[in-house]
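Structural features, examined
Chain by chain, the residues run as shown.
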Amino acid sequence: MTGSDKVDVAIIGGGTAGCAAALELRRRGLSVALFERRTVGSQASGVNYGGVRQQGRDPAELPLSRRSRPIWDRLPALVGHDCEFMATGHLKLAYTPEQMAELEAWSAMAAEQGVETRLMGANALAEAYPGLITNAYGGSLCPTDGQANPRLVAPAFARAARRAGAAIHEHEAVTGATRDAAGFRIETERGTRILAQSLINVAGAWADHVARWFGEFAPIQVLAPNMLVSEPVPYRLPVNIGVCGAGLYVRQIPRGNLIFGGGKGWADREAIRARPLVEVSCQASAQLARTLPWAANAAVIRSWTGIEGYFDDDIPVIGLSETTPGLVHAFGFSGHGFQLGPAIGEIVSELVVEGKTTTPIDAFSIRRFARAGHQAA
Amino acid sequence: MPERIIIVGAGPAGTRAARILAEAGLATVLLDEAAGNGGQIYRRQPPGFRRPYAALYGTEAGKAERLHAALDGFGGLIDHRTDTLVWSLDGRRLMLNTAGRADSLDFDRLILATGAMDRVIPLPGWTLPGVFALGGAQVALKHQACAVGAKTCFVGSSPLLPYVAYQYARAGAGVAGVVDTTPRSAKLGALPDLLAVPGVTARGLTYMAWLARHGIRYWHGATPLRVEGGEHVTALVFRTAGGAERRIDCDAVALGYGLKCEHQLADLAGCAFRFDSPTRQWVVAQDDAGRTSVDGLYVAGDGALIRGADAAELAGERAALALLADLGRPVDAARVAQIGRHLARIDRQRRGMDKAFAYPNHLAQSLADDVILCRCEAVTVGEVRRAVTEQGADDINRAKAFCRVGMGRCQGRVCGPAAADVVAAALGRPIEAAGRLRGQAPVKPVPVAVLAQAELGETQSA
Amino acid sequence: MSMAVTVPSGGGQLRRLGERDRPVVTITIDGAEHEALAGDTLLTALLTAGHRVRESEFGDGPRAGFCWMAACQDCWVWLADGRRVRACSTPVEPGLSVLTRPAAPGDA
């Protein structure tokens, strides 16, 4: 891209949300330019665990999660690839009566919102998963949940968006953006200048920089999920598993690899560098060996991490800017945005085109940090 | 508190480095996966084997014997830990797996002498039982007194090709033939450089002459086409320099196109890399003493630069001298200069080797779509090409993310070079533009149970 | 270990070229007894007994190791107790029971 081009919408950030927004906006007939400083899906969207999960979410997030869930079924039609999505169900395990009570409370809340779960005691677990899970007190199965390959999702949306006519610019970081009467003036590290009527800030762990350009404050922090994968072993684990308290999560793909994680790796947001930490990898391995003793002999073959943004209140920022008309934020998914990405693309598109969305998002307003921001400033 | 110095790899480079530091009075920990020092080139036979050094190492028997003995008498200063895999490096800490027991060691200075492995180019049928790496075929003979088949065909482009074929035939193994992809003319053209170290070159010519005298066919400028067999190898099919298709009946194939550095730990340490055009591979960026871009971290031997066992010993000594100098210890400047001159001669001879046994990258680039490229994950050449052409992968790591090439147990050690050539060709760019496969911990598989053990905090320091 | 005997070359992949007068070490491979020699690696034991070490997980046939130097990771097998070992870097021991296919769930 050379000179100063005009588009309807510019998007900063090539995660799943940004790429899905690019596709949705093209479907609505708008011109789109997306800028990603590395390659699409190279951070939070691409390095996460791959859980496609409604279970355990904050009540405020459930409507987003419910909206996103059917999109996963439609991926082949929508983006031309199933991204290895499988509705395996998500089983959250409790090891104490107190943890089980938490699962029961969540289950009741979710049922009111239309998400069905099956609460299981130790006997029901033993019957449903013979020899797989030992010592659990009970669990909650959300059968409509599942798993997918995170390395594939954002790139698949990006390719579909490109085919639909969106301009997806990889290896091109946005260095600044301002707004005047004509619209948003965006400049990139390659000297590209672009004028956009609307701007979507889906820049993940770096999105607070973009917000600051427009006088908004978001106390984002950095999270690097510490992930591991085993060699292929015979396929036995038909369900995606989370463990109350311990922070362990584990799934097995039909090729045989066990993918598991828990805890945080090391990340330097400014240098854009992250790496897993051996002590965290060892802790997660110990938890896996305790949770699924049959997996203890499998050899770990790789570990990885990447940079995600999170907030102390554990929910994202989603919504219209408080300061700048035409600016839409969606970032800081706090380690659980993978499942939401496709719906976020639709929601931010609605906000751009209609100024509102049918999905309740009030809880995610950037306004909630305004007072802290003034204090910090 | 004295500096904690660790050397990873007890081959020629690591052994010499440990010895030099011990002679200077410095204590080191020397870690290696094997049961004894020597590395692959001077690999020891197990206890109870009786072949003499001359039978095992030929003209290099004296060097092997000296290297094996180099640690003797230094037990107080050199803590040689055998059967020990270093599976990760995190800051200044090494994570160890000693025969199933987890441990960790902190260091202030580290010499990585992690050696090399065979570089291979896949061909149809190469995952059949009976196809082995060329250096592996040599290890089978040295370490286990076995030939990898009753009738082995040697295939590739490497100075090891005539040498291992000769070793096999001398040991009484059947040799079905040698299929060398480099034309005879390239070998003649390389002679001026090769003569920089005339002894080595003369030995190579001797092996070829010996094979000819004993009726073992040696094809120059050949193109391997496929390995045939049902449950195991039954034949190798190739095209001669003249264009004729030939089939050699054999029950084993030893395949090798030179060596590649094992430098995964340097990668985890954050060392800078550079692309080395003559050997067509990424190497750790280093000064002429083996200092890397990471303070206190040195590389030596074939893990640093592929230039053979003699150079590895010299480089190990050079890195040890650099470490001493960096500690402010006195170092013999004349010895440093002597090593430099010697290494320069070897480097010139290696340039000749790289021409005489050129890496035929076109072979990887022209593989058919249905050939398995990544043997760990059974990823085909076509899947890698489609990751580029259909999914938009713009380098080898992106291709890995999309189609799992290089994502298996070996982390691309085996398929990496060929995969990079396939990606580069699909992109229409030079090989170095395809990027370098990033290493990830653990550098070799470690059972969950061993990692779990490490979590218990059963660690000690050097 | 029993008395040293000469082991015939048999129909396996490898050919022994010497060092035959080592003590015999009896191991089991997929439940069948096999006479290896002291100092053999598991890879040598498996490939003097036959032509395969394991099956590819992805349906493309048998594998028999590749690099012999603990780099390619192609020769991982199971011990009867479920542990994973790399055949080329594991010496045989009397009574060692090795599986070239994973045990059915619950067997280990």
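Residues numbered from 1 in each chain as written. Chains lettered and ligands numbered in written order. Predicted model: local features only at pLDDT ≥ 70, side-chain atom pairs only at ≥ 80, totals over all residues. Heavy atoms only, no water.

Our next topic: the overall build of chain C. For chain C, the helix and strand inventory stands at one helix and eight strands. The N-to-C order of helical and strand elements in chain C reads β-β-β-α-β-β-β-β-β. For chain C, the residues scored as buried account for 58% of the 108 residues in total. Of all intrachain contacts in chain C linking residues separated by at least 6 positions in sequence, the fraction that spans at least 24 positions is 42%. Counting only carbon and sulfur atoms, one obtains 55% of the accessible surface of chain C, whose full area is about 4100 Å². (Helix = DSSP H or I, 4+ residues; strand = E, 2+ residues; numbered from the N terminus. Buried < 20%, exposed > 50% of the residue type's maximum accessible area, 1.4 Å probe, protein only. Contact = heavy atoms within 4.5 Å. Areas by Shrake-Rupley, 256 points an atom, 1.4 Å probe, with all protein chains shown as cover.)

Let us look at the overall build of chain B. Helix and strand counts for chain B stand at 16 helices and 24 strands. Compactness check: chain B gives a C-alpha radius of gyration of 22 Å against a globular reference of 23 Å for 462 residues, within 12% of the reference. Dimensions of chain B, computed from the C-alpha atoms along their principal axes, are close to 70 × 50 × 40 Å. A fraction of 66% describes how many contacts in chain B between residues 6 or more apart in sequence connect residues 24 or more apart. Carbon together with sulfur atoms contributes 51% to the accessible area of chain B, which is approximately 16300 Å² in total. (Rg over C-alpha atoms; globule rule 2.2 N^0.38 Å.)

For the rest of this paragraph, the subject is the environment of Cys 142 of chain A. Residue and element names in this part refer to chain A. With respect to the secondary-structure elements, Cys 142 resides in strand β6 (residues 138–142). Owing to a relative accessible area of 0%, Cys 142 belongs among the buried residues under this scheme. Taking the C-alpha atoms as reference points, Cys 142 and Glu 116, 26 residues apart in sequence, are found 6.5 Å from one another. With residues up to four places along the chain from it excluded, the contact list for Cys 142 reads Gln 54, Gln 55, Gly 89, His 90, Val 115, Glu 116 and Thr 117.

This brings us to the interface of chain B and chain C. The interface is formed by 53 residues belonging to chain B together with 37 residues belonging to chain C. At the boundary of chain B with chain C, total buried surface from both sides reaches about 3600 Å², with 58% on carbon and sulfur atoms. Here chain B and chain C share five salt bridges between them. Notably, a salt bridge pairs Arg 50 of chain B with Asp 21 of chain C, separated by 3.1 Å at the nearest N-O pair. Summed over the shared surface of chain B and chain C, the number is 17 residue pairs in polar contact (both at pLDDT 80 or more). Within the residue set of the side of chain B that touches chain C, elements represented by two or more residues are β8 (116–118), β9 (131–133), α4 (134–144) and β10 (146–147) of chain B. Considering every element that reaches the side of chain B that touches chain C, the biggest residue donor is α4 of chain B, with eight residues. In the side of chain B that touches chain C, the residues fall into 28 nonpolar, twelve polar and 13 charged. Direction of pairing for β10 of chain B relative to strand β1 (residues 15–16) of chain C: antiparallel, over a ladder of two bridges. Among the inter-strand pairings, Ala 147 of chain B is bridged to a residue of β1 of chain C, identified as Arg 15 of chain C. (Buried area = accessible area lost by both parts, 1.4 Å probe. Salt bridge = Lys/Arg side-chain N within 4 Å of Asp/Glu carboxyl O. Polar contact = N/O pair within 3.5 Å; in protein donor to acceptor, adjacent residues only side chain to side chain. Nonpolar A, V, L, I, M, F, W, Y, C, P; charged D, E, K, R; others polar. Pairing = 2+ DSSP bridges.)

Of all hydrophobic cores here, the largest spans 166 residues; its most connected members are Ile 11 and Ile 200 of chain A, Phe 154, Tyr 168, Leu 236 and Val 405 of chain B together with Leu 42 of chain C. Here this core gets eight residues from one element, more than from any other, and that element is helix α5 (residues 160–170) of chain B. For Leu 42 of chain C, the contacting residues outside a window of four places in its chain are Ile 27, Val 77, Leu 79, Val 85, Ala 87, Thr 90, Val 92, Leu 96 and Val 98 of chain C. Formed by 41 residues, the second largest nonpolar core is a distinct cluster that contains Ile 133, Ala 136, Ala 289 and Ala 296 of chain A. (Core = buried A, V, L, I, M, F, W, Y, C linked by side-chain atoms within 4.5 Å.)

Residue and element names in this part refer to chain A. Within strand β4 (residues 90–94), four of the five residues are buried, leaving the element largely enclosed by the surrounding structure. In terms of strand pairing, β4 meets β6 through five bridges, oriented antiparallel. Considered in β6, the bridge of Ala 94 is made with Gly 138. Direction of pairing for β4 relative to strand β14 (residues 240–243): parallel, over a ladder of four bridges. Along β14, the bridge assignment pairs Leu 93 with Val 243.

What follows concerns the sheet that holds strand β3 (residues 78–81) of chain B. Residues and elements named next belong to chain B. The parallel open sheet is built from five strands, whose spatial order is β3-β2-β1-β7-β21. Two strands lie at the open edges of the sheet, namely β3 and β21 (297–299), each paired on one side alone. Going from strand to strand, the sheet's axes swing by 15° on average, the running direction of each strand aside. Across four bridges, the pairing between strand β2 (residues 28–31) and β3 is parallel. Residue pairing in the sheet places Thr 28 in a bridge with Ile 78 of β3. Packing against the sheet, helix α1 (residues 12–23) makes contact with β1 (5–8), β2, β3 and β7 (109–112), and its axis sits at approximately 160° to β1. (Axes fitted to C-alpha atoms, helices over the stretch in contact; angles between N-to-C directions.)

Here the focus is the interface of chain C and chain A. The partner chain A presents six residues to the nine residues of chain C that form the contact. Here chain C meets chain A over a buried area of about 720 Å², counting both sides, of which 59% is carbon and sulfur. Linking chain C to chain A there are one salt bridge. The residue Arg 84 of chain C makes a salt bridge to Glu 231 of chain A at a minimum N-O spacing of 2.6 Å. Between chain C and chain A we count two residue pairs in polar contact (both at pLDDT 80 or more) in total. Here the side of chain C that touches chain A is composed, by residue class, of three nonpolar, two polar and four charged.

All names here are of chain A. Of the two faces of β14, the one lined by Asn 240 and Gly 242 and the one lined by Ile 241 and Val 243 are each fully buried. Where β14 meets strand β15 (residues 249–252), two bridges bridge the pair, whose relative direction is antiparallel. By the bridge assignment for β15, Gly 242 is matched with Tyr 249. Hairpin connection from β14 to β15: five residues lie between these consecutive antiparallel strands, with Gly 245 at a positive phi of about 75°.

Bear in mind that shape data such as this cannot, by itself, settle questions of function.
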